[in-house]
Amino acid sequence: MKKIYFSIFIFVLSNTIWSQENKINSEKTKTEEKTIVTITEEDPIFPGCEDVNPKERKNCFSQKMSEHIKKNFKYPKEAKKNRITGKVIASFIINKEGEIQNITTRGPENGKLLEDEARRIISLLPKMKPGTQRGEPVNVRYSIPLNFNL
């Protein structure tokens, strides 16, 4: 009797798992366009890093990103006047076309001016070669901290 109950239990369990797997796969195809990847086979490539050894591209990306921030950074006058400081985390997507989109920021409690400046800096990023997964371009999310110190 125990063997019959166990067999029925295994049968029901396997059908439930199979059904859930099919549901996930069908949902994936519906939302494929909205998929955002954080780990890619090939990361987005910052302009000027195309000819760099693939193993060194992350370092090149980081260096170019730092140069971009330094070049475009302007401490907001009102924030400087009111001695507002802190760290702002800027999050954004490099889409399938290599463009920057969906910029969001999170900073200190009184740091709206700092968040606005972080969004401005990120919005000025150049168009990049998009990241790829299985040879296809994908949307890739990045987050970067920007420190505002006086």
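Figured I'd write up the structure that's included with this text. Quick caveat, the model's predicted, so the values are computed rather than measured.

Next up on the list: the packing of aromatic side chains. If you walk through the whole model with that rule in mind, you get 6 aromatic pairs. Aromatic pair Phe 61 and Tyr 142: ring centres 5.0 Å apart, planes at 15 degrees, arrangement stacked. Separated by 81 residues along the polypeptide, Phe 61 in helix 2 (residues 57–72) and Tyr 142 in strand 5 (residues 136–148) bring together distant segments of the chain. Each member of the pair Phe 61 and Tyr 142 is classed as buried. Ring-pair connections join several aromatic residues into one group, and the members of that group are Phe 46, Phe 61, Phe 92 and Tyr 142.

Interhelical geometry of helix 2 versus helix 4 (residues 112–123) gives an angle of 120 degrees and a closest axis separation of 10 Å. Judged on the interaxial angle alone, helix 4 and helix 2 are oblique. Remark: the crossing between helix 2 and helix 4 carries right-handed chirality. Of the residues in helix 4, those in contact with His 68, Ile 69 and Asn 72 of helix 2 are Glu 117, Arg 120 and Ile 121. Grouping the amino acids of the contact of helix 2 with helix 4 by side-chain chemistry returns 2 nonpolar, 2 polar and 2 charged.

Before going further, it helps to examine helix 4. Between the first and last C-alpha of helix 4 there are 16 Å, a value that for 12 residues agrees with the 16 Å anticipated at 1.5 Å per step. All of the buried residues along helix 4 are Leu 114, Glu 115, Glu 117, Ala 118, Ile 121 and Ile 122. The buried residues of helix 4 all sit within an arc of 160 degrees when viewed along its axis, so they share a single face. Elements in contact with the buried residues of helix 4: helix 2, helix 3 (77–81), strand 2 (86–94), strand 3 (100–106) and strand 5.

Further remarks concern the pairing of strand 5. Both strand 2 and strand 5 contribute to a ladder of 9 bridges, which runs antiparallel. Note that in strand 5 the partner of Ser 91 across the bridge is Ser 143. Of the strand pairs in this sheet, strand 4 (residues 131–133) and strand 5 are connected by 3 bridges, and their pairing is antiparallel. Counted as the bridge partner of Thr 132 is Pro 137 from strand 5. If you look at the hairpin formed by strand 4 and strand 5, you'll find 2 residues sitting between the two strands, and Arg 134 has a positive phi there, around 55 degrees.

Rules used in this analysis
Residues numbered from 1 in each chain as written. Predicted model: local features only at pLDDT ≥ 70, side-chain atom pairs only at ≥ 80, totals over all residues. Heavy atoms only, no water. Phe/Tyr/Trp six-rings, centres within 6.5 Å; stacked < 30°, edge-to-face > 60°. Helix = DSSP H or I, 4+ residues; strand = E, 2+ residues; numbered from the N terminus. Buried < 20%, exposed > 50% of the residue type's maximum accessible area, 1.4 Å probe, protein only. Axes fitted to C-alpha atoms, helices over the stretch in contact; angles between N-to-C directions. Parallel < 35°, antiparallel > 145°, perpendicular 65-115°, else oblique. Left-handed = near helix turned anticlockwise from the far one by under 90°. Contact = heavy atoms within 4.5 Å. Nonpolar A, V, L, I, M, F, W, Y, C, P; charged D, E, K, R; others polar. Expected span 1.5 Å × (residues − 1). Arc of directions from axis to C-beta. Pairing = 2+ DSSP bridges.

By themselves these figures say nothing about function.
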